[in-house]
Structure formats: C-alpha cells, structure tokens
Amino acid sequence: MTSIIAVEVQRALARRLVRVLVLFALLAIVFVVIIAFANADPAEVDGFSPADIWSSGFDDDSVLGASAFLFLLMAVLGGSSFIGAEYRAGTLTTLLTWEPRRLHVLAAKLLAAAVVTGVLFVVLESLLASALAPVVIVRGTGFEDAGSDFYRSLAGFLGRGALVAAGCAVLGASIAVIGRNTTAALGVVLGYIIIVEQILLGLRPGWDAWFLGENLGIVLGGATIDDVARSVPGSALVLLGYLVVVVAGAAVVFVGRDVT
Amino acid sequence: MPVIEIQALRKAYRSLRGPPTTAVDGLDLSVAEGGVFGFLGPNGSGKTTTIRCLLGLVQPSGGGTRLLGAEPGDLSTVVGRVGSMVETPQFFPNFSGRRNLELLARLDGIGRAQVDDALDLVGLGSRARSPFRTYSLGMKQRLGLAAALVKDPEVLILDEPANGLDPAGIKEIRDLVRRLGSEGRTVFVSSHLLGEVQQMCDRVAILARGRLVTEGPVAEVLAHGRSSRLVVRVEPLDVALATLRAAELEASVEDDHILVQLPAEDAARVTRVLADARLYVRELRPEEVDLETVFLELTS
C-alpha cells in the first residue's frame, strides 16, 4: 500500500497543473506583498499589523483568511483534475493491471491528493505570512504587541487549513471518480456552493448550520460565526460527515464500474 | 492446472437505448501452461472483453474466469506473475516512457535496471526519455509491451500487440513472443494478423459473436478447413483442362494453375489422365489452407 501511495504522490507532484497552480500562487504572493507594501502607511497608528496577516474568526479581511478560500478552490480543482486526467488519458486500465485491488488504488489516490494539498497549503500560506512579515515590520505596527496568542492562532489556522484543503482535494477527486471527469467535479462543487447554497440560504436561512460554506468558514476561522449555531468541532464533524458520504459513494462506483 | 480457465463466461453491456449488447456469450476456454496461445476473432467478437474479464477490469454478467487459479477478486495474489497489455496501452502523456514505466515498476518493487532492460528489449531505449504524448502508435505499443515484460512474468496476456507496428516491428514482436513461449512462459495473445498468429502460436482459439468456434493446436485447426482440391501446374492449361474435364474430373483454371476437385489420396488419377494425353505435370500438390481461410470460413 505504501508503494502505491508513494507512486501517486510522485505523480501528483509531477503534474503540470500542480506546478502551474503553485507558480500562480507564488506570483500571487509576490503581488499581494507589493500591494500591501504600497498601501501600508508607516505614519498611521492603526497601520498594517499582524492582525492584517491573520486574525481568528471568520474574517476575510485578513490576507491569510481571504487567500485560504482561494486555495480551497485550487484544492478542489487539483483533486478533481488528479482523477479526471486519469479518466481522460485512459491510464486506469494500465494501473489496474498492476494493482487490481480497486479500494487500494482509490485510497492511494485520495490520500496522495490529500497529502500533497495539505502540505502545499501549509507551505504556501506560511510563505505568504512570512513574505508579509517585513511589511508589518518596516511599514506597519511591528510584531511587538502580537504575543504568543497570535502565533498559536496562526499555527492553528495552518493546521485546520491543511486538513480542510486536504478534504477539499478529496472531495474534488471523489466527485471526479463518480462523474469521470474534472469539469463535472468542478461544476458540481462550484454550482453547489455558489448557486444551491445561496438559493437555500434565501429560502431556508435556518439551515445555514448545515451549509458547506458556513461550516468551512467556522473551521478555517477557528471560531463560531454569528447566527450560525455550530461550534468549531461541530462544523468539523459536519464537514467530515459530508466528505465520508461522498467518498463512500465514490468507492462504491469505483469498485463496481467496468473499466473499458 | 490450466493457467487460464474461462467457464461459461458471459458479458452483456447495458445500453440506455435499446437492449443490452452481448459481447461474450457462454465462452469456455482453458489454456495450459507454456507456449503461445492465439486468441482470434473478428472485430467485436469479444476478445478484448474476455481479456478485460480475465484481468478483473470488467465484471462478467455470468460465468467466471481464473488466472493462475485466482478468481478476479483474488487477482492481487497472482498479478505479480502476470504481465498484460490491453488494446493500445495508455500512459500519462506528459511523463516520459521511462518515467511512466518506473512509476509502475515501483508498485512491484522493480528497479531501474529492469526498467531499462525492458525498454531495450522492445527497442525503445533511445526514445525512453521522450514524453509519451510524442510517441507514435507503434512506440506506444512497445511501451505497453515493456510494461508487460518488466515483471519478468510467467504469464503474458497481450491484446493485439502488433497493432500499429511496421513490418519490421511486427517481426520483432513475433520473434519475441515465440522466444517467450519457448522459454516456458504462457503467452496468451489476441490478434487479427492471422499470418502472424499462424507463425507464432502453438494453439489457437477462434471466437465469433462472443462464442468459441474452434480451439486446438494450429495444425488441427487448419485441418478443419483442409481442402479437397489439388493444385496442378501443367502446360498448356486449356488443353489440360479439357482433358481433365473429358475424364469427368471437376476442374477449373485459377491464375497459372488448375484446381481439381479431388482429395490428395486420389492425386494419381490426375497424373494418369494427363500423362495418357502426353501432358506432363510440373507440380501437383494438395491446395494449402491458411489460418485466414479457416478463420473466414468459421466466422462468416
């Protein structure tokens, strides 16, 4: 099992899309730092502070908070494309003649997508935070008042974010298994979050504690959201529950489907 | 114990519109250990579906298969001893042939040296570092063969291995398959190149519309369509033809020879009739029947 996971991780890292997305993220980091540097005013008392890099709670004003949601979309894209590319290239036949245990194959692919995405989340978000640190020091309030709470909160965000990003990659990959292509998976996830949840929010606002978007916000932010009756562990469980259902569906489809 | 056992195998593909399509319909087949077994059939006769069932890629609608004694659910116990290539093998387009093969080989703990050996064996060594997407059909086939061979398997299942190869490549594959079979491995090869199959296989099975039409050693299968005609070369053709017909023999001219409707054991009758008319035979032999003729007779 470890060898197939290692192979899938290697394959994931060698994918062109992953490299393009990482390059895109690095360019975005440079762009964000330049903008932050240009906009930060050293003369301002309430200038660019550690809280602008990260502050707990559902606050997309912090750079890491806002960027995390962009990263989650990239995670869904990366995960779904990881599987979708297999179906498009027709390589599953070749792989299954080497490892016929389909559950092992699926588990290895989902684990690889999760591990690569989780690690990339930590690396890229840490890089973004580190790149913004000089802006806080040179043109902002400095880190003197940040205290250990800031670093603990930041570490918590990175940990939770890595898990959520990994989950998003697994979600994208699982839907791609069911739909057999990348576009189907992206369409389902984005269509659900952007259209279905917004319609439901208007029709049934009381259901918001069950919505994907709200629960993602609670888990990523590490704090509850006003009007949503859900704790951080509660939201994590809801997200995990949704993920388990989708992964189980993908497993049933993957094991039973003819590979032609 | 047979290496491959197929019992009452049936596979029907469901269709959203119309009735299901039956690809394999009650196929029984047994392949013994060692040698090269040819699996023949026209397009759509169920060869690839049968191979996919054997390899656990497709679930049969009925019946069953065993590969080295393992049912599809237990294939993982024997898959390390089986090398296979199904149709035109697909690999990751942006990875080189070598990288694709290395990734697969890692699943079985196979080292780079064996990967290089397999690539050299199929004549792909010089292009091993090129991306798979730049490969011609023939090169893709060669990489698929390398993937099947890199395990040094006891059993090889090859679905149309010569597809897309040029004549030199076809001969290379034929020689390779023959050599592998003579080394004691079992090679199960499907092909539509009947001349090739005739030259490289010890036994063949012919499939038509998902059913087994005939199976056995190549010589026996050829005997199914053994001709009862004699080929006669003699000059002049028109006089010889008239002479044979005058002796109440059924004869006809074809190209530069005469075909006489007589079994080989009655060939003396032809020489006697022609010699009596002072016509002397240059060549007299039973008409040869190749696998293609038998195949077309059995599957039409």
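Residues numbered from 1 in each chain as written. Chains lettered and ligands numbered in written order. Predicted model: local features only at pLDDT ≥ 70, side-chain atom pairs only at ≥ 80, totals over all residues.

1. Focus: the overall build of chain B
Condition: Each helix is a run of H or I in the DSSP string that is no shorter than four residues. Each strand is a run of E no shorter than two, and both are numbered from the N terminus. The globule rule is 2.2 Å times the number of residues to the power 0.38, and the radius of gyration it is compared with is taken over C-alpha atoms. Remark: C-beta atoms are placed from the backbone, and a residue is labelled buried if 20 or more other C-beta atoms sit within 10 Å of its own, exposed if 12 or fewer do, or partly exposed between those counts.
The helix and strand inventory of chain B stands at ten helices and 13 strands. Taking 19 Å as the expected radius of gyration for a compact globule of 300 residues, we find that chain B reaches 24 Å, considerably beyond that expectation. By principal-axis analysis of the C-alpha atoms, chain B measures approximately 75 × 45 × 40 Å. By the burial criterion, 42% of the 300 residues in chain B qualify as buried.

2. With respect to the overall build of chain A
Here is the rule: What counts as a contact is two residues whose backbone-derived C-beta atoms lie within 7 Å of each other.
If you tally the helices and strands in chain A, you get ten helices and zero strands. In chain A, the succession of helices and strands from N to C terminus is α-α-α-α-α-α-α-α-α-α. Taken against the 2.2 N^0.38 rule, which gives 18 Å for 260 residues, the C-alpha radius of gyration of chain A at 20 Å falls within 12% of a compact globule. Seen through its principal axes, chain A has C-alpha atoms that stretch 65 × 45 × 30 Å. Here chain A holds 260 residues, and the buried ones make up 40% of them. In chain A, 74% of the contacts between residues at least 6 apart in sequence involve partners at least 24 apart.

3. As for the interface of chain A and chain B
Note the cut-off: Classes in brief: Ala, Val, Leu, Ile, Met, Phe, Trp, Tyr, Cys and Pro nonpolar; Asp, Glu, Lys and Arg charged; the others, Gly included, polar.
Taken residue by residue, the interface counts 22 residues in chain A and 25 residues in chain B. For the side of chain A that touches chain B, the secondary structure elements donating two or more residues are α1 (2-14) and α5 (92-96) of chain A. It is α1(A) that contributes the most residues to the side of chain A that touches chain B, seven residues altogether. The residue makeup of the side of chain A that touches chain B, split by class, is nine nonpolar, eight polar and five charged.

4. A look at the sheet that holds strand β8 (residues 203-208) of chain B
All names here are of chain B. Test applied: Whether two strands pair comes down to DSSP finding at least two bridges between them. Throughout, an axis means a line fitted to C-alpha atoms (over the contacting stretch in the case of helices), and angles, computed between N-to-C directions, take values from 0 to 180 degrees.
The strand order across the open sheet built from six strands is β5-β6-β7-β3-β8-β9, with neighbouring strands paired in mixed fashion. For this open sheet the edge positions go to β5 (82-85) and β9 (211-217), each flanked by a neighbour on one side alone. If you compare each strand with its neighbour and ignore which way they point, the axes differ by 10 degrees on average. The pairing of β8 with β9 spans six bridges and is classified as antiparallel. In the sheet register, I206 faces β9, and the bridge partner there is T214.

5. Quick notes on the nonpolar core
Convention followed: By convention the nonpolar core is taken to be a set of buried residues drawn from Ala, Val, Leu, Ile, Met, Phe, Trp, Tyr and Cys and joined through C-beta atoms within 7 Å.
Grouped together as the largest cluster of nonpolar side chains are 141 residues, with contacts concentrated most on A:A113, A:A165, B:L101 and B:A146. Broken down by element, the residue count for this core peaks at 16 residues, all from helix α6 (residues 102-139) of chain A. Once residues within four sequence positions are removed from consideration, A:A165 is found in contact with A:F71, A:L72, A:A75, A:T117, A:G118 and A:F121. Listed in part, the eleven residues of the second largest apolar core include B:V232, B:A251, B:I258 and B:V270.

6. Quick word on the sheet that holds strand β13 (residues 283-286) of chain B
All names here are of chain B. Spatial ordering of the open sheet is given by β11-β12-β10-β13, a layout of four strands whose pairing is antiparallel. Of all the strands in the sheet, just β11 (251-254) and β13 have a single pairing partner and so form its edges. Averaged over all adjacent pairs, the angle separating strand axes in this sheet is 25 degrees, with direction ignored.

7. Points about the pairing of strand β12 (residues 257-260) of chain B
Residue and element names in this part refer to chain B. Burial of β12 is one-sided: the residues I258 and V260 facing one way are buried, the residues H257 and L259 facing the other way are not. Pairing analysis gives three bridges linking strand β10 (residues 230-233) to β12, with the strands arranged antiparallel. Bridging across to β12, V231 finds its partner in L259. With four bridges joining them, β11 and β12 adopt antiparallel strand pairing. Looking across to β12, one finds that V253 is bridged to I258. Between the antiparallel neighbours β11 and β12 lie two residues, among them D255 with a positive phi of about 55 degrees.

8. Regarding the domain arrangement of chain B
For clarity, the cut-off: A domain assignment, automatic or from a database, supplies the domain bounds used here.
Here the domain parsing of chain B yields domain 1 (4-224) and domain 2 (230-287). Here the C-alpha centroids of domain 1 of chain B and domain 2 of chain B sit 46 Å apart.

9. What about helix α4 (residues 137-149) of chain B?
Convention followed: Here the expected length of a helix is defined as 1.5 Å per residue gap, with one fewer gap than residues.
Taking 1.5 Å per residue, 13 residues should reach 18 Å; α4(B) reaches 18 Å between its end C-alpha atoms and fits that length. Most of α4(B) sits inside the fold, with eleven of its 13 residues counted as buried. Every buried residue of α4(B) is accounted for by B:M139, B:K140, B:Q141, B:R142, B:L143, B:G144, B:L145, B:A146, B:A147, B:A148 and B:L149. Structurally, α4(B) contributes buried residues whose contacts are with α5 of chain A together with β5, α2 (97-107), α3 (112-121) and β6 (155-159) of chain B.

10. Considerations on the packing of helix α7 (residues 147-179) of chain A against helix α9 (residues 212-221) of chain A
In helix packing, the relevant descriptors are the interaxial angle and the interaxial distance, both defined with respect to the helix axes. Residues and elements named next belong to chain A. Where α7 meets α9, the closest approach of the two axes is 8 Å, and the angle between their N-to-C directions is 145 degrees. Touching R160, G161 and V164 of α7 are L216, V219 and L220, all from α9. When the residues that make up the contact of α7 with α9 are grouped by side-chain class, the tally is four nonpolar, one polar and one charged.

11. A short note on the environment of B:L298
You can see B:L298 is positioned in helix α10 (residues 291-299). Residues contacting B:L298, with those up to four places away along its chain left out, are B:I206, B:A208, B:V213 and B:T214.

12. Remarks on helix α2 (residues 16-39) of chain A
Taking 1.5 Å as the rise per residue, α2(A) with 24 residues should run 34 Å; its terminal C-alpha atoms sit 34 Å apart, in good agreement. Check the buried side of α2(A) and you find it contacts α6 of chain A.

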